[in-house]
Amino acid sequence: MRRIAFFVCMLCLALTVSAQEDASKGIPGPETEFVMQLKVSLGEPYSVGETPHGRRQVIPITGGTFEGPLLKGTILNGGADWQLSKGGRTEIEAIYSIKTDDGVYIHIRNCGIIAGGMDADGKPSFYFKAAPQFEAPEDSRYAWLNNALFLCAPAPSQGGGITLNVWKVK
């Protein structure tokens, strides 16, 4: 099940890259709409060490806040970001929950890639994108989160956490 979820996340990222390449040929890419900014508090990371699949690291998610035009609230303690690194590439899978200011719980699974290396011109490059999937109650005002694709990227952050901006693909 975990591999299927990761495949879906990677497919979303591949479609985005493909759409951007098509835009350079005059074919319009997808439009996005800002949904929220998450300010995530993190605990002390720990490493499982080298495994047959790469180096496994776990970063606990200890709380935080989120806010956007249609929702705001807190990030709940108890989630984690599971990272698997090999070479200059890291696969991430963060699983956590949020609670809106009006008391609605929403589950999030966020899969993505962090990669460093050289670009086509031989300059150092850094890539960090992910595709969060939301599970909101169907009878809530947040049910729209269940029926769309989303992308996120880090934003400048202060302190020991991470800030992520999230967009809906229209």
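Residues numbered from 1 in each chain as written. Predicted model: local features only at pLDDT ≥ 70, side-chain atom pairs only at ≥ 80, totals over all residues. Heavy atoms only, no water.

1. Let's talk about the overall build of the protein chain
To be explicit about the condition: Numbering goes from the N terminus for both helices and strands, where a helix is a DSSP run of H or I of at least four residues and a strand is a run of E of at least two. Exposure categories follow from relative accessible area, calculated using a 1.4 Å probe and restricted to protein chains: below 20% of the type maximum is buried, above 50% is exposed, and the middle band is partly exposed. Any two residues whose heavy atoms approach within 4.5 Å are treated as being in contact. Using a 1.4 Å probe, accessible areas were evaluated by the Shrake-Rupley method; residue-level cover was limited to the displayed protein chains.
In terms of regular secondary structure, the protein chain is built from 1 helix and 10 strands. Along the chain direction, N to C, the helices and strands of the protein chain fall in the order α-β-β-β-β-β-β-β-β-β-β. Taking all 170 residues of the protein chain together, 38% fall into the buried category. Look at the contacts in the protein chain between residues 6 or more apart in sequence, and 48% of them connect residues 24 or more apart. Within the structure as shown, the protein chain displays about 9900 Å² of accessible surface, and the carbon and sulfur contribution to it stands at 55%.

2. Section: the environment of Arg-141
Secondary-structure assignment places Arg-141 in the loop between strand E8 (124-135) and strand E9 (149-155). Residue classification places Arg-141 among the exposed residues on the basis of a relative accessible area of 57%. Other than its neighbours up to four places away in sequence, Arg-141 contacts Leu-70 and Asp-102.

3. Focus: the pairing of strand E1 (residues 32-42)
Where we set the bar: By the convention used here, strands pair only if DSSP detects at least 2 bridges between them.
Both E1 and strand E10 (residues 162-169) contribute to a ladder of 8 bridges, which runs antiparallel. From the neighbouring strand, Val-40 faces E10, where its bridge partner is Ile-162.

4. Comments concerning the side chain of Ser-140
Put simply, the test is: Any N or O atom pair separated by 3.5 Å or less is treated as a polar contact, with the protein-specific requirement of one donor-capable and one acceptor-capable atom, and with residues adjacent in sequence counted only for side-chain atom pairs.
Tracing the backbone through its elements, the reader meets Ser-140 in the loop between E8 and E9. The exposure class of Ser-140 is buried, given its relative accessible area of 17%. Here Pro-137 takes part through its backbone oxygen, which lies 2.8 Å from a polar atom of the side chain of Ser-140.

5. Things to note about the pattern of salt bridges
A side chain with one charge can pair with a side chain of the opposite charge if their charged atoms come near. Test applied: What counts as a salt bridge is simple: a side-chain nitrogen of Lys or Arg found within 4 Å of a carboxyl oxygen of Asp or Glu.
Taken as a whole and judged by the stated rule, the model has 3 salt bridges. The partner of Arg-89 in a salt bridge is Glu-91, with the nearest N and O atoms 2.9 Å apart. In this structure, Asp-102 engages Arg-141 in a salt bridge whose closest nitrogen and oxygen atoms are separated by 3.7 Å. Of this pair, Asp-102 sits in the loop between strand E6 (89-100) and strand E7 (105-118) while Arg-141 sits in the loop between E8 and E9, and the two are 39 residues apart along the sequence. Of the residues examined, Asp-102 reaches a relative accessible area of 44% and is grouped as partly exposed.

6. Description of the side chain of Asp-81
We apply this condition: Charge convention: Lys and Arg are scored as positive, Asp and Glu as negative, and His as well as the terminal groups of each chain are ignored.
Looking at where Asp-81 falls in the secondary structure, it is placed in strand E5 (residues 79-86). We note that Asp-81 is buried and unpaired, the nearest opposite charge coming from Arg-56 at a distance of 7.6 Å. Looking at Asp-81, its side chain comes within polar contact range of the side chain of Gln-83, at 3.1 Å. For Asp-81, the residues in contact, after removing those within four places along its chain, are Gln-57, Val-58, Ile-59, Ile-61, Ile-92, Glu-93 and Ala-94.

7. Considerations on the packing of aromatic side chains
The condition that has to hold: For Phe, Tyr and Trp, where Trp contributes only its six-membered ring, two rings pair if their centres lie within 6.5 Å, and the inter-plane angle classes them as stacked under 30 degrees, edge-to-face over 60, or tilted in between. Counted as over-ring charges are cases with an Arg CZ or a Lys NZ within 6 Å of the ring centre that also lie within 35 degrees of the ring normal.
In this structure the tally under the stated criterion is 2 aromatic pairs. On the numbers, 6.4 Å between centres and 55 degrees between planes, the contact of Trp-144 with Phe-150 is tilted. Taking relative accessible area as the criterion, Trp-144 reaches 25% and is therefore assigned partly exposed. Accessibility expressed as a relative area gives 2% for Phe-150, which makes it buried. Three or more aromatic residues joined by ring pairs make a cluster, and in this case those are Phe-134, Trp-144 and Phe-150. Lys-129 extends its terminal NZ or CZ atom over the ring of Tyr-127, reaching a point 5.1 Å from the ring centre.

Just geometry here; none of it tells us what the structure is for.
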